[in-house]
Amino acid sequence: MTLDPPVLTDTVTINYSVDLRLVSDIVEAPVDELIALNPSVLRMTTPPDSSFDLRLPAGTATLFGQRIAVIPETKRNAWRYHRVGGEDTLASVAREFRVPEAELAAVNQLRPSDSIQGVEALVVPLAPAAAPSSMLMYTARRGDTLVTDCRPFRGVAESA
């Protein structure tokens, strides 16, 4: 029996919540690889307000440290990091991530009219996913079916 060689990783101890998609953008590694390296992260974000050993692909700890410093600690579970390509403009990046161009420019200390040629990367201010605003409970009665149960709530879900 031949054993696989050990997986080489860097470990960074953090004490804030960070989204693995942001980490993926920063270290330029697939999200699936980060999930495999951090199996204890179940909801794509590291635990808040506690120390956590984040495992990264080998050789990326320094890059992670440099790039994560650009993003405010309170925004690390929602914002993204976008490497600027040759065809990118402020407007095209704003359109891609569905954020206002003025907001994208502001968080990157740019004006909406500025060119991003020569800019290595942009921080993208995404809003955190909204939690459901309300929950409804229905007690099933004899004779109810899925079709009859959902009719009274049809408009409620669409207006929420």
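Everything discussed here concerns the structure shown above.
Residues numbered from 1 in each chain as written. Predicted model: local features only at pLDDT ≥ 70, side-chain atom pairs only at ≥ 80, totals over all residues. Heavy atoms only, no water.

### Here's the deal with the pairing of strand β1 (residues 9-14)
Phase 1: The alternating pattern of β1 places D10, V12 and I14 on a buried face and T9, T11 and T13 on a face that is not buried.
Phase 2: The pairing of β1 with strand β2 (residues 52-57) spans 6 bridges and is classified as antiparallel. Its bridge partner lying in β2, D10 is registered against L56. (Buried < 20%, exposed > 50% of the residue type's maximum accessible area, 1.4 Å probe, protein only. Helix = DSSP H or I, 4+ residues; strand = E, 2+ residues; numbered from the N terminus. Pairing = 2+ DSSP bridges.)

### Thoughts on unusual backbone geometry
Phase 1: Residue E28 is not a glycine yet carries a positive backbone phi of 55°.
Phase 2: By secondary structure assignment, the location of E28 is in the loop between α1 (20-27) and α2 (31-37).
Phase 3: In this model, R98 sits at a positive phi of 55°, which is unusual for a non-glycine residue.
Phase 4: On the secondary structure map, R98 appears in the loop between α4 (90-97) and α5 (101-107).

### Description of the packing of aromatic side chains
Phase 1: Across all of its chains, the model carries 0 aromatic pairs by this definition.
Phase 2: The positively charged end of R76 is found above the aromatic ring belonging to Y16, 4.5 Å away from the centroid. (Phe/Tyr/Trp six-rings, centres within 6.5 Å; stacked < 30°, edge-to-face > 60°. Lys NZ or Arg CZ within 6 Å of the ring centre and 35° of its normal.)

### Some points on the environment of A105
Phase 1: Among the secondary structure elements, A105 is positioned in helix α5.
Phase 2: Residue class for A105 comes out buried when judged on its relative accessible area of 0%.
Phase 3: In this structure A105 touches L90, L110, R111 and P112, once residues within four positions along its chain are discounted. (Contact = heavy atoms within 4.5 Å.)

### Focus on the side chain of D10
Phase 1: Structurally, D10 is set in strand β1.
Phase 2: We note that D10 is buried and unpaired, the nearest opposite charge coming from R55 at a distance of 11 Å.
Phase 3: One polar contact links the side chain of D10 to the main-chain amide nitrogen of A61, over a distance of 3.0 Å.
Phase 4: Setting aside its immediate chain neighbours within four residues, D10 contacts L54, R55, L56, P57, A58, G59, T60 and A61. (Lys, Arg positive; Asp, Glu negative; His and termini not counted. Salt bridge = Lys/Arg side-chain N within 4 Å of Asp/Glu carboxyl O. Polar contact = N/O pair within 3.5 Å; in protein donor to acceptor, adjacent residues only side chain to side chain.)

### Considering the nonpolar core
Phase 1: In this structure, I14, V18, V23, I26, L54, L56 and F64 are the most contacted members of the largest nonpolar core, which totals 24 residues.
Phase 2: When contributions to this core are tallied by element, the ones reaching two or more residues are β1, α1, β2, α3 (61-68) and β4 (121-124).
Phase 3: Looking at this core element by element, the count peaks at 5 residues for α1. (Core = buried A, V, L, I, M, F, W, Y, C linked by side-chain atoms within 4.5 Å.)

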